[in-house]
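# Results of the structural survey
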Amino acid sequence: MAEIIVVTSGKGGVGKTTSSASFAAGLALRGHKTAVIDFDVGLRNLDLVLGCERRVVYDLVNVIQDEAKLHQALIRDKRLENLYILPASQTRDKDALTAEGVERVLNELKEEFDYIVCDSPAGIERGAFLALYHADQAVVVVNPEVSSVRDSDRILGILASKSKRAEENAEPVKEHLLLTRYSPEKVEKGDMLSVDDVLEILGIPLLGVIPESEAVLQSSNAGVPVILQEGSHAAEAYKDAVARYLGEEREMRFLQPEKKGLFKRLLGG
């Protein structure tokens, strides 16, 4: 049976769409047939991050409104044969998403895919609620700053009380913390919350820590999921997170400041 994963956050700008793209790509890399859906109607960034914006003909709203079949709207990734993208609409209003339509699309995807990754809009508006409602598992993307952590705590409350699993008194949505844009150097200076600080506030299991990296911006601009950026720490951190999600033991890396070599120290770099 397919598993529905919502990638969510309390506030915007924390790297949620980047994480959705890399997480879905990571699952596909591991041989799992994966669909990733953009629920951010009106903005639509997932197709840009995955480099398929010119191939969008139909979108999630077209399928929900019976203007296209699901297979017409799904875009197969050119790099990963197991990865498919269902883009959001850029021209419709968020009210175009209906609970019945979203459930129908997810049920249809469940028949064909191993994992369905839902890239939720930030916050608690309609698109975000519909993205998380059917979730089996949630990846909560958080920056190590007070406002991001506080807003994510609110999302955890909604997952616990308003998801379909909560309504049916079923097994709760399994929650995972993905800490992004982490800089051990800034933590050391007291300019950023530490991993332990965030864990103490949110109290959910740590899936991964993604270090602050120029590779993330470079990959997004190039339309390539950062997990495919060979040699970058961010790519390795996303691969570790996917492995942990799939039940593997992986050491938590990139939590300490990088040690400078003698040459860098002499130059003050």
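To be clear, the structure that these remarks concern was listed above.
One structure accompanies this document, and this report is about it. (Residues numbered from 1 in each chain as written. Predicted model: local features only at pLDDT ≥ 70, side-chain atom pairs only at ≥ 80, totals over all residues. Heavy atoms only, no water.)

Check the secondary structure of the protein chain and you find 13 helices and 8 strands. The C-alpha radius of gyration of the protein chain comes to 18 Å, within 12% of the 18 Å expected for a compact globule of 269 residues. Overall, the C-alpha framework of the protein chain stretches about 65 × 40 × 35 Å when taken along its three principal axes. Residue pairs at least 24 apart in sequence account for 74% of intrachain contacts in the protein chain once pairs closer than 6 positions are excluded. Surface accessibility of the protein chain: about 12900 Å² in total, with carbon and sulfur atoms responsible for 46%. (Helix = DSSP H or I, 4+ residues; strand = E, 2+ residues; numbered from the N terminus. Rg over C-alpha atoms; globule rule 2.2 N^0.38 Å. Contact = heavy atoms within 4.5 Å. Areas by Shrake-Rupley, 256 points an atom, 1.4 Å probe, with all protein chains shown as cover.)

What follows concerns the packing of helix α7 (residues 146-162) against helix α10 (residues 195-202). Two elements in contact, α7 and α10, have axes separated by 10 Å at closest approach and are oriented at 35°. For the pair α7 and α10, the crossing hand works out as right-handed. On α10, the residues that touch V149, S152, D153 and L156 of α7 are V198, I201 and L202. Of the residues that constitute the contact of α7 with α10, the class distribution is 5 nonpolar, 1 polar and 1 charged. (Axes fitted to C-alpha atoms, helices over the stretch in contact; angles between N-to-C directions. Left-handed = near helix turned anticlockwise from the far one by under 90°. Nonpolar A, V, L, I, M, F, W, Y, C, P; charged D, E, K, R; others polar.)

Glancing now at helix α1 (residues 16-29). In a regular helix each residue adds 1.5 Å, so 14 residues correspond to 20 Å; α1 covers 19 Å between its end C-alpha atoms and thus fits that length. Counted residue by residue, α1 has 13 buried out of 14 residues, so it is predominantly covered. Two residues or fewer after α1 comes G31, characterised by a positive phi angle close to 95°. (Expected span 1.5 Å × (residues − 1). Buried < 20%, exposed > 50% of the residue type's maximum accessible area, 1.4 Å probe, protein only.)

Moving on: the layout of surface pockets. The volume enclosed by the largest pocket comes to roughly 400 Å³. When residues of the lining of the largest pocket are traced back to their parent elements, those giving at least two are α1, β7 (174-182), β8 (206-211) and α11 (214-222). Broken down by class, the residue content of the lining of the largest pocket amounts to 10 nonpolar, 10 polar and 5 charged. In this structure, the second largest pocket spans a volume of roughly 200 Å³. Along the walls of the second largest pocket sit Y182, S183, P184, E185, P211, E212, S213, H233, F254, Q256, P257 and E258, which together make up its complete lining. Of the residues in the lining of the second largest pocket, the class split is 5 nonpolar, 4 polar and 3 charged. (1 Å grid on protein atoms, 1.4 Å probe; cavity = no way out; pocket = protein on both sides within 12 Å on 5 of 7 lines; lining within 4 Å. Points joined across faces, edges and corners; volume = space filled by probe spheres on them.)

Let's shift gears to the state of the cysteines. Within this structure, the stated rule accounts for 0 disulfides. Free of any disulfide, C52 has its nearest neighbouring cysteine sulfur in C118, separated by 16 Å. Judged by relative accessible area, which is 0%, C118 ranks as buried. (Disulfide = S-S within 2.5 Å.)

Tallied over the full model, the rule gives 4 aromatic pairs. Pairing F23 with Y245 gives two aromatic rings, centres 5.3 Å apart and planes at 85°, and the pair type is edge-to-face. In this pair, F23 is assigned in helix α1 and Y245 in helix α12 (residues 233-245), connecting sequence segments 222 residues apart. Assessed through its relative accessible area of 9%, Y245 is described here as buried. (Phe/Tyr/Trp six-rings, centres within 6.5 Å; stacked < 30°, edge-to-face > 60°.)

Turning to the sheet that holds strand β6 (residues 137-142), a few remarks are in order. A sheet is described by the order of its strands in space; here 8 strands give the open sequence β3-β4-β2-β5-β1-β6-β7-β8, paired in mixed fashion. In the strand order of this sheet, the two ends are held by β3 (75-76) and β8, each with one partner. Bridge count between β3 and strand β4 (residues 83-86): 2 bridges; the pairing is antiparallel. Each bridged residue has a counterpart across the sheet, and for R76 the counterpart in β4 is Y84. Along the sheet, α7 makes contact with β1 (3-8), β6 and β7, crossing β6 at roughly 165°. (Pairing = 2+ DSSP bridges.)

Side chains of a nonpolar character, in soluble globular proteins, are inclined to be buried together. Core analysis: the largest hydrophobic core is formed by 49 residues, its most contacted members being I37, L109, I116, C118 and L159. Per-element tally for this core: the top contributor is α7, with 5 residues. Filtering out sequence-adjacent residues up to four positions away, C118 remains in contact with I4, I5, V6, V7, I37, F39, L106 and A131. Listed in part, the 36 residues of the second largest apolar core include V7, F23, L27 and A241. (Core = buried A, V, L, I, M, F, W, Y, C linked by side-chain atoms within 4.5 Å.)

Before going further, it helps to examine the pattern of salt bridges. All chains considered together, the criterion is met by 18 salt bridges. Here E236 and R253 are joined by a salt bridge, their closest N and O atoms 3.5 Å apart. Of the two residues, E236 is situated in helix α12 and R253 in the loop between α12 and α13 (262-267); the sequence distance between them amounts to 17 residues. Taking the relative accessible area as the measure of exposure, E236 reaches 24% and is therefore partly exposed. For R253, the salt bridge goes to D240, with nearest N and O atoms at 2.9 Å. Residue R253 is found in the loop between α12 and α13, and its partner D240 is found in helix α12; the two are separated by 13 residues along the sequence. Take R253: its relative accessible area is 30%, and that puts it in the partly exposed class. Looking at D240, the relative accessible area reads 4%, which means it is buried. Members of the salt-bridge network, linked through shared partners, are R30, E230, E236, K239, D240, E248, R250 and R253. (Salt bridge = Lys/Arg side-chain N within 4 Å of Asp/Glu carboxyl O.)

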